[in-house]
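# Structural description and commentary
If you want the building blocks of each chain, they are given just below.
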Amino acid sequence: MIAKKVLLVGNFGVGKTSLIRRFVLNEFSEDYISTIGVRVSKKVVEYENETIKLMIWDVAGTSGNEKIPKAYFLGAHAAMFVFDVSREETYLTIDENLQMVKELSGLQNITIVGNKKDLLTQKELNKVIEQVSVNIDLITSAKENDNVEAAFMQLTAQTLN
Amino acid sequence: MIPAKIEAIFIQITTDFSGVIQNIDAGKFAKNEFSLQESIYEVCPFLEGTVEALETNKPFLLEGMVIVSNNKEYNVDIELFKTENSIEIIIHNRTNVYKIVDQLNQNRNDIFFIKREIAEKNKELDRLRKIADKANEEKSRFLAMMSHEIRNPLNSILGYAELISAEKLTDSVADYIKNLSSAGTNLKVIVDDILDLSRIEAGKLQLASEKISIRNIIQNCENDFKHQQKNEKATLKFYVSNNIPQFLIGDSVRIHQILSNLIGNAIKFTEKGIIKTAVKVVSEDKNEVKILFSVSDTGRGMSDQQITKIFEEYQQNKLSDNRIKGGAGLGLAIVNRLVHAMKGKISVESKLNIGTIFFVEIPFKIVANTITQPLTSHSVKPLINLKEKKILVADDDTLNLTIVSHFLAKEKAEITMVKDGLEALSKIETSSFDVILLDINMPNMTGEELVKKLNIFQEFNAKTPILALTANTTEEDIKRYKDIGFSGVISKPFTSEIFLKKIQEVL
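A brief report on the enclosed structure follows. Please read all numbers here as calculations on a predicted model, not as lab measurements. Residue indices follow the written sequence of each chain, beginning from 1 at its first position. Just so you know, chain letters begin at A and ligand numbers begin at 1, following the order they were written in. Reporting of local features is limited, given that this is a predicted model, to residues whose pLDDT is at least 70; pairs of side-chain atoms are given and counted only at 80 or more, and all residues count toward the totals for whole chains, interfaces and linings. Heavy atoms from the whole structure form the basis of all side-chain values; hydrogens and water molecules are not counted.

## Side note on the overall build of chain A
Only runs of H or I of at least four residues qualify as helices and only runs of E of at least two qualify as strands under DSSP, and these elements are numbered from the N terminus. Helix and strand content of chain A: four helices and six strands. Within chain A, the proportion of its 161 residues that are buried is 52%. Here a residue-residue contact requires only that any non-hydrogen atoms of the pair lie within 4.5 Å. Across chain A, every contact between residues at least 6 apart in sequence was considered, and the portion connecting residues at least 24 apart equals 71%. Exposure classes here rest on a 1.4 Å probe applied to the protein chains alone. A residue is buried below 20% of its type maximum, exposed above 50%, and partly exposed in between.

Right, dumping it as structure tokens:
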């Protein structure tokens, strides 16, 4: 079994902790407690006949151009950038934010996930997709367990590239 | 020797490159969680994948990590140092420091979400306000339409009552007619009040800003009420201070309305004694003068509890008041709003069974180069004789047409009556008139359409004044009529005095 370190980053309140809780424990809570510091969760996944232990870093959410400590990325194999489809400010400067994550982590590809799709109608969602200046890998809902597994599988795939 | 307090907040551990604990070097923080020859990754999962990537002989710091000991979470900072054959790890318990950061962060995020929620609620409130505004506009439109519909038959009621009262009548019939007129007049006041209030509520009240004379307004009030006041036990008195500027900038119609309302109320509720209206200057500078109007009576007065409610709509102090005294209880609500619209203040002092004083203080702009003048008596022009004056009257309402013809016949005018716009058009094209009176809402051709046809007036009536006879009495309506060519408007319902006065003004 191989261990892979992956990080979830993005603005505060976008649902990083909820995505991890849904993926690792299959749980969801409406309560919002902002994450301080880093909690690491483990989950063993099977991907293309490989058993992989994912070390998932839940990094505290940032605000605006706040930087994530570079030390967190040491040894990271992949990263997921999460934004909230219902909050414009979490994806308006996604270009700059992604560039910053790439520079800090040294990773070339980042999985881009838009969370909280349950808060929008399909029409509103399409508008957001049009507005986001980069390719979104997956639109998820941690609350409704929609596409969460797929998002982490994509992240796992990235660890093997 | 390390002091116990220091030992309790850190632990120093040596592991091999795969994270197996080789030695616990110093410190006692979370010591129970760590055992020799076991993996440090169980307690510090964040080290798995990280230590492998460390550079040799280069210190490395990981801040704000979370570990669990005895089912309790701790925030720790980790110092790592990789040597040729081991990894030195120092774990600092920084929970207390991070607790503050935690609170600050949570607060910051909470504030953000509260702000967002407020912004959303504000949007919702804005939407609801627009809906309410629209509903209010609809209400005002409905009231304006209803008042128009009421004014037309009211004109007939008041007109005929006036005509009948001029006939030879028995005492009892004269009494009935008097009551009929009084009821009709009260109804007119109510309709006007409702319309005024709806106009104010819809924000459509536009105050005029014109040169006015306070003395003339008071004189007009005096003339009006002298005729209305029939109670010999109550005396009306008017005082105007000598230093009131001759001219000021304001809205004379609305000032008159405010005073008429207060004086009218005082008359209603004073069985005997004095009703005094006084005007004086409160303060003055080069641009503005504050004037205090007071209306006092020796009537039944009010309790403190009654005073708190008198400026509310549909408020009359006794349930029977609206039956005995008339009105819908809107007068003071309107006065209050008018005074505030003029940036003024209104207050009241009252004692039960002694009397009431209303104070209205209004700031007025001063007209440059004005001089103060003593009160001069208001002169009322005698009504002109309409003998041989040719007057065309067009109205599809037979009752109204008859009333108008009676009023004019009394003055010996030569009347031509038609029942619609087309008939009026043919008369205008073929005969000359001294005055043309046009109803607005007529079949075949409305009064407005007729006035717009300028060429039909060319030959015989190029300079003939045209008056609109209408129940559409909003300021916008009146302005529109004047803009398209009417010389003036006679608002329904009207008395013969008002009707003839309006004709006199244009002749």
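## So, helix H3 (residues 171–201) of chain B
Here, expected helix span is obtained from the residue count minus one, scaled by 1.5 Å. With 31 residues, H3(B) extends 45 Å from end C-alpha to end C-alpha; this agrees with the ideal 45 Å at 1.5 Å per step. Close packing links the buried residues of H3(B) with helix H2 (95–165), helix H5 (252–268) and helix H8 (331–341) of chain B.

## Thoughts on the interface of chain B and chain A
With 28 residues of chain B in contact, the opposing surface of chain A contributes 27 residues. Taken together, both faces of the contact between chain B and chain A bury some 2,200 Å²; the carbon and sulfur share is 57%. Counted as salt bridges are all cases of a side-chain nitrogen of Lys or Arg within 4 Å of a carboxyl oxygen of Asp or Glu. Put simply, chain B and chain A have two salt bridges between them. Between A:Arg39 and B:Glu73 there is a salt bridge, with the nearest N and O atoms lying 2.5 Å from each other. At the level of elements, strand S3 (60–69), strand S4 (72–82) and H2 of chain B are the ones that each hand at least two residues to the side of chain B that touches chain A. Take the side of chain B that touches chain A: its biggest share by element is ten residues, from H2(B). Each residue is assigned to one class: nonpolar for Ala, Val, Leu, Ile, Met, Phe, Trp, Tyr, Cys and Pro, charged for Asp, Glu, Lys and Arg, and polar for all the others, Gly among them. Here the residues of the side of chain B that touches chain A sort into 14 nonpolar, seven polar and seven charged. The buried area of a pairing is the accessible area, by a 1.4 Å probe, that goes missing from both parts when the two are put together, added over both.

## Quick notes on a nonpolar patch on the surface
Each patch is built from residues lacking any salt bridge and having more than 30% relative accessible area; the joining distance is 9 Å for like charges and 5 Å for nonpolar side chains (Val, Leu, Ile, Met, Phe, Trp, Tyr). Computed with the Shrake-Rupley method and a 1.4 Å probe, the accessible areas treat only the protein chains shown as cover for residues. On the surface, a cluster of nonpolar side chains totalling about 430 Å² of accessible area is made up of B:Phe142, B:Met145, B:Met146, B:Ile150 and B:Leu187. In terms of residue count, H2(B) provides more of the nonpolar patch than any other element does, four residues in total.

## Brief notes about the pattern of salt bridges
All names here are of chain A. Scanning all chains against the criterion turns up 18 salt bridges over all chains. Taking the shortest distance from any N to any O, the salt bridge between Asp 146 and Lys 117 comes out at 3.1 Å. Here Lys 117 lies in the loop between strand S5 (111–115) and helix H3 (122–131) and Asp 146 lies in the loop between strand S6 (138–139) and helix H4 (148–160), a separation of 29 residues in the sequence. The exposure class of Asp 146 is partly exposed, given its relative accessible area of 26%. Here Lys 117 falls in the partly exposed class, since its relative accessible area comes to 22%.

## As for the sheet that holds strand S14 (residues 414–418) of chain B
Hydrogen bonds between backbone groups are what pair the strands of a sheet, and the pairing can be parallel or antiparallel. Residue and element names in this part refer to chain B. Pairing is parallel in the open sheet, where five strands are placed in the order S14-S13-S15-S16-S17. Looking at which strands have only one partner, the edges of the open sheet turn out to be S14 and strand S17 (488–491). Averaged over all pairs of adjacent strands, the angle between their axes in this sheet comes to 20°, without regard to strand direction. Strand pairing follows a simple DSSP-based rule, namely that at least 2 bridges must link the two strands. As paired strands, strand S16 (residues 466–470) and S17 are joined by four bridges and run parallel to one another. By the bridge assignment for S17, Leu 467 is matched with Gly 488. Orientation is described by lines fitted to C-alpha atoms, with helices fitted over the stretch in contact, and by angles between N-to-C directions that extend from 0 to 180 degrees. Strand contacts of helix H9 (residues 398–410): strand S13 (390–394), S14, strand S15 (435–439) and S16, with the helix running at about 170° to S14, the strand carrying the most contacts.

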